[in-house]
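Observations on the model geometry
Take a look at the letters that make up each chain.
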Amino acid sequence: MPEQNNADKKPKRTIRVGWIYLFITIALLVMLLPTLLLSPKEITLQEFDRKMLSRHAVEKIDVVNNETAEIYIKKDFANDAFFKDVLKPEGGIIVPGPHYKITIGSPESFERNLDEAQKDFQDNEKVSVSYIKRKNWVGDVLSWTIPVVLMLLMFRYIGRMGSSMGGKEGGPSIFNFGRSTATLFDKENKSTVTFDDVAGLEEAKVEMKEIVDFLKDPNAFTRLGAKIPKGVIIVGPPGTGKTLLVKAVANEAQVPFFSISGSEFVEMFVGVGASRVRDLFRKAKEKTPCIIFIDEIDAVGRSRGKNTLYQGVNDERESTLNQLLTEMDGFGTNSGVMVLAATNRADMLDPALLRPGRFDRHIYLELPSVIERKAIFKVHIKPLLLDETVDVDFLAAQTPGSSGADIANICNEAALIAARRKAEKVSRQDFMNAIDRIIAGVERKSKIISPDEKKIIAYHEAGHAVVSWLLKNVDPLVKVSIVPRGKSLGAAWYLPEEHQLRNTAQFTDMLCAGLGGRVAEEIIFGDITSGALDDLEKVTKQAYTMVAFYGFNKTIGNISFYDSSGENEFGFQKPYSEETSKIIDEEVRLLVGKAYEQTKKLLIENKSKLTTLAERLLKQEVVLKEDLEEILGKRPGNTTENIKEEAVKMGTTL
Ligand code: ATP
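Residues numbered from 1 in each chain as written. Predicted model: local features only at pLDDT ≥ 70, side-chain atom pairs only at ≥ 80, totals over all residues. Heavy atoms only, no water.

1. Here's the deal with the overall build of the protein
Summing up its helical and strand segments, the protein has 22 helices and 15 strands in all. Counting the 654 residues in the protein, one finds 42% classified as buried. Nonlocal contacts in the protein, meaning residues at least 24 apart in sequence, comprise 74% of its contacts between residues at least 6 apart. Accessible surface computed for the protein: about 35,800 Å², of which carbon and sulfur atoms make up 56%. (Helix = DSSP H or I, 4+ residues; strand = E, 2+ residues; numbered from the N terminus. Buried < 20%, exposed > 50% of the residue type's maximum accessible area, 1.4 Å probe, protein only. Contact = heavy atoms within 4.5 Å. Areas by Shrake-Rupley, 256 points an atom, 1.4 Å probe, with all protein chains shown as cover.)

The following block contains the structure:
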């Protein structure tokens with residue numbers, strides 16, 4: 001009956017603690033009581049002179065610690081009306097005294113006053129004065145116990161506050177500041193993700209399955225003299241399944257798994273991060289074979305010596321990183337601690353971290369291809385009730401550029417939309433609405449827009465649509481809408497083709513498509529509006545990358561100022577001279593100006609098409625591919641053939 005025993009133990013401990021508190025309180029009361037109850041009555045020097053000394057009632061005086069004169073009254077005065085209350089309270093026994101006290105300035109002045117008052121007294125009538133030193137035990141004890149007790153209470157309070165903020169291990173309280181805050185997943189508390197839950201990512205899965213084999217049976221590899229890798233770093237854009245992969249490894253390898261985020265090492269005090277790293281590896285070594293997973297490792301593994309502007313922050317991160325490097329070198333290759341790490345920014349990491357012997361293996365994940373998207377959809381639609389209209393191939397084609405996390409979100413949102421309309425099953429239209437909603441935001445039909453503004457929006461979007469339709473290098477246009485969604489008032493939707501490379505013509509056509517909205521406003525209304533902000537931002541950034549990064553500009557030449565190491569991310573210094581900077585600015589202006597003129601020419605030539613499309617937009621708010629084809633004719637190039645149906649990736653917005 002173990003529970004019974006525990007139940008018995010707990011109250012006993014409380015009772016014992018309770019007795020200690022009671023004892024301390026009684027002891028304090030006993031010490032304080034005489035001082036509180038028997039404290040003599042305070043009187044003035046004049047009262048003492050008139051009512052006591054002149055009546056020869058004073059037995060003796062004790063001057064204590066040169067501060068207080070304690071007065072004893074003769075027993076003969078016990079029945080005197082004036083002294084009765086003090087000497088013989090309520091007619092009881094005579095109190096031995098002292099009966100009164102006077103606070104004196106100094107013993108010399110007190111003595112002078114006393115002599116003056118007794119100058120007419122006989123020698124035998126004079127009062128004897130003695131000087132005594134008395135220790136104030138109560139005051140002394142209290143003066144050091146109270147601060148100590150207060151401090152202990154304060155520490156306890158802060159300690160509790162820390163634990164209530166922290167996670168499983170009590171969090172960053174004042175007593176475990178340097179302890180690792182990693183969460184441990186073991187047999188009782190383990191991940192349930194398997195490799196079947198990770199769709200696509202075939203190459204990555206092969207590598208990760210190998211890690212599982214290393215952990216399950218290291219001898220199979222070491223037998224031939226091979227060394228087991230110490231670390232694997234997974235690099236990829238957000239939501240591509242890095243954490244998911246690691247969870248699958250942890251589950252399938254059946255080993256303890258310490259999970260921590262890189263940012264948990266970084267504290268405001270130098271040395272805390274390093275101490276947490278030490279503590280984490282110490283704990284891991286106790287549980288070998290095991291996995292340490294450091295998510296967002298860039299928070300701690302950023303290149304050293306960079307970002308000199310924030311020296312304090314740097315010191316802490318550097319010392320943490322150094323400790324991490326040492327620990328990864330420290331345990332033997334076959335010691336059974338495997339470090340897995342994930343990041344979105346491998347370019348920011350310190351090269352020392354990435355060298356063989358530390359993170360020996362690098363796995364690069366990318367946004368899923370159409371086939372991978374199909375597989376991810378299959379995983380996430382499994383728990384949904386679908387009707388026969390849902391086609392996974394179609395959904396995969398609709399979502400270029402979406403990550404695994406986006407797809408998981410789309411599936412969930414589609415189910416929510418279906419539930420909201422009280423449908424029995426989730427339909428294809430629910431998925432379409434979910435995609436629109438996730439990419440562009442929630443439809444805001446209630447937003448009040450004046451007819452004049454609506455007209456401008458229609459022409460702006462028609463401008464984008466006409467230009468992108470007529471230029472063959474722009475991604476295929478599939479839908480134009482002037483229904484406000486999220487922050488945008490209207491949008492043109494494209495189906496991006498999955499290019500690995502882009503040439504000058506493609507870049508230039510994209511600039512023109514981006515400027516289409518503003519140009520249309522200028523041609524039709526003779527004025528421009530602030531609605532082109534988002535377009536201009538995209539166009540400017542793209543033009544700068546063309547000139548300064550990709551070497552597309554003849555004047556700048558084949559020079560790239562792109563910094564893949566991220567060294568200048570926080571620096572104010574540009575990697576080029578003031579003069580080059582001016583040339584870059586000028587070339588960007590020329591490039592955008594040229595694209596603007598080209599777009600203007602195109603739209604003036606096709607003004608009637610622009611007007612027809614804008615009028616159609618004003619009438620029906622959303623114009624799909626079929627209407628576009630009817631108004632604008634067949635699209636140049638063969639790109640339209642690739643479009644499976646109305647597809648979605650919002651490009652330009654107003
Ligand atoms: P971040 O870099 O932002 O931390 P991440 O790459 O670690 O992102 P995960 O946390 O692994 O992303 O993925 C988020 C969610 O996306 C997962 O819980 C899962 O539902 C879904 N997901 C991502 N990739 C896949 C995939 N390949 N197969 C199935 N689901 C996926």
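2. Concerning the packing of helix H18 (residues 504-525) against helix H20 (residues 578-605)
At a minimum axis separation of 8 Å, H18 and H20 run at an interaxial angle of 60°. Classified by the angle between their axes, H18 and H20 sit oblique to one another. Once H18 is placed against H20, the crossing between them reads as right-handed. Across the interface between the two elements, Thr508, Leu511, Cys512, Leu515, Gly516, Arg518, Val519, Ala520, Glu522 and Ile523 of H18 pack against Leu591, Val592, Ala595, Tyr596, Gln598, Thr599, Lys600, Leu603 and Ile604 of H20. For the contact of H18 with H20, the per-class residue count stands at 12 nonpolar, four polar and three charged. (Axes fitted to C-alpha atoms, helices over the stretch in contact; angles between N-to-C directions. Parallel < 35°, antiparallel > 145°, perpendicular 65-115°, else oblique. Left-handed = near helix turned anticlockwise from the far one by under 90°. Nonpolar A, V, L, I, M, F, W, Y, C, P; charged D, E, K, R; others polar.)

3. Quick word on the confidence of the model for the protein
Averaged over every residue, the pLDDT of the protein is 80; residues scoring 70 or more account for 83%. Within the protein, the lowest mean pLDDT, 54, falls on strand S15 (residues 650-653), and the highest, 94, falls on H20. Here residues 1-12 is modelled with pLDDT under 50, and outside its nearest four sequence neighbours on either side it reaches zero contacts, counting other chains as well. For residues 166-172, every residue scores under 50 in pLDDT, and the model assigns this stretch 18 contacts once sequence neighbours within four places are set aside. (pLDDT = per-residue confidence, 0-100.)

4. Examining the side chain of Asp80
With respect to the element layout, Asp80 can be found in the loop between strand S3 (68-73) and helix H3 (84-87). Since its relative accessible area comes to 17%, Asp80 is described here as buried. A polar contact is formed between the side chain of Asp80 and the side chain of Arg55, at a distance of 2.3 Å. (Polar contact = N/O pair within 3.5 Å; in protein donor to acceptor, adjacent residues only side chain to side chain.)

5. A closer look at the sheet that holds strand S1 (residues 41-42)
Strand order in the open sheet formed by five strands is S1-S4-S3-S2-S5, with mixed pairing between adjacent strands. If you trace the sheet from one side to the other, it starts and ends with S1 and strand S5 (128-132), each paired once. When strand S2 (residues 58-64) meets S3, the two strands line up antiparallel, connected through six bridges. Within S3, the position partnered with Ile61 by the bridge is Ile71. Strands S2, S3 and strand S4 (100-103) of the sheet are contacted by helix H2 (residues 45-53), whose axis makes an angle of about 155° with S2. (Pairing = 2+ DSSP bridges.)

6. Things to note about the site of the ligand
What surrounds the ligand is a group of 18 residues, the closest being Ala199, Gly239, Lys242, Thr243 and His380. With respect to the ligand, the backbone of Leu244 contributes an N or O atom lying 2.9 Å from an oxygen atom. Glu296 has a polar side-chain atom sitting 3.2 Å from an oxygen atom of the ligand. About the coverage of the ligand: the protein hides 79% of its 630 Å² of free accessible area. Of all the secondary-structure elements, those providing two or more residues to the shell around the ligand are helix H8 (242-253), helix H13 (370-381) and helix H15 (404-420). Taken domain by domain, the shell around the ligand gets at least three of its residues from each of domain 3 (183-361) and domain 4 (370-440). (Near = heavy atom within 4 Å. Domains from an automatic or database assignment.)

7. Examining a nonpolar patch on the surface
A cluster of nonpolar side chains, namely Trp19, Leu22, Ile26 and Val30, defines an oily patch on the protein surface of about 430 Å² accessible area. Among the secondary structure elements, Ile26 is positioned in helix H1 (residues 2-37). Classification of Ile26 by relative accessible area gives partly exposed; the value is 47%. (Patch = residues over 30% accessible without salt bridge, like charges linked within 9 Å, V, L, I, M, F, W, Y side chains within 5 Å. Salt bridge = Lys/Arg side-chain N within 4 Å of Asp/Glu carboxyl O.)

8. As for the nonpolar core
Leu477, Leu603, Leu613 and Leu628 are the most contacted members of the largest nonpolar core, which totals 46 residues. Among all residues touching Leu603, those that are not within four sequence positions of it are Gly463, Val466, Val467, Gly516, Val519, Ala520, Ile523 and Leu610. Membership of the second largest hydrophobic core comes to 28 residues, among which are Leu201, Ile234, Leu245 and Leu340. (Core = buried A, V, L, I, M, F, W, Y, C linked by side-chain atoms within 4.5 Å.)

9. Section: the packing of H2 against helix H4 (residues 107-117)
Interaxial distance between H2 and H4 falls to 12 Å at its minimum, and their mutual angle equals 35°. Every pair of crossing elements has a handedness; the one defined by H2 and H4 is right-handed. Of H4, the residues touching H2 (which contributes Leu45, Phe48, Asp49 and Leu53) are Phe110, Asn113, Leu114 and Ala117. Along the lines of polarity and charge, the residues of the contact of H2 with H4 split into six nonpolar, one polar and one charged.

10. Comments concerning the pairing of strand S12 (residues 477-481)
Summarising burial for S12: five of the five residues are buried, a large majority. In terms of strand pairing, S12 meets strand S13 (residues 491-494) through four bridges, oriented antiparallel. From the neighbouring strand, Val480 faces S13, where its bridge partner is Ala492. With three bridges connecting them, S12 and strand S14 (residues 622-624) associate as antiparallel partners. Its bridge partner being in S14, Lys479 is matched across the sheet by Leu624.

11. What about the packing of aromatic side chains?
Applying the stated criterion across every chain, the model contains 11 aromatic pairs. Relative to Tyr550, the ring of Phe507 lies with its centre 5.5 Å away and its plane at 35°, an arrangement referred to as tilted. In this pair, Phe507 sits in helix H18 while Tyr550 sits in the loop between helix H19 (533-549) and H20, placing the two residues 43 residues apart along the sequence. Measuring from centroid to centroid gives 5.2 Å for Phe549 and Tyr562, while their planes differ by 65°, and the two rings are edge-to-face. Of this pair, Phe549 sits in helix H19 while Tyr562 is found in the loop between H19 and H20, placing the two residues 13 residues apart along the sequence. (Phe/Tyr/Trp six-rings, centres within 6.5 Å; stacked < 30°, edge-to-face > 60°.)

12. Let's talk about the side chain of Asn606
Considering the arrangement of structural elements, one finds Asn606 in the loop between H20 and helix H21 (607-620). Within the structure, the side chain of Asn606 is placed 2.8 Å from the backbone oxygen of Leu602, a separation counted as a polar contact. With sequence-adjacent residues up to four places away left out, Asn606 is seen in contact with Val466 and Leu470.

13. Here's the deal with unusual backbone geometry
Here the phi dihedral of Gln254 falls at roughly 55°; this positive angle occurs in a residue that is not glycine. Classification of Gln254 as exposed rests on a relative accessible area of 53%. One non-glycine residue with positive phi stands out, namely Lys422, at about 55°. Turning to its location among the elements, Lys422 is positioned in the loop between H15 and helix H16 (428-440).

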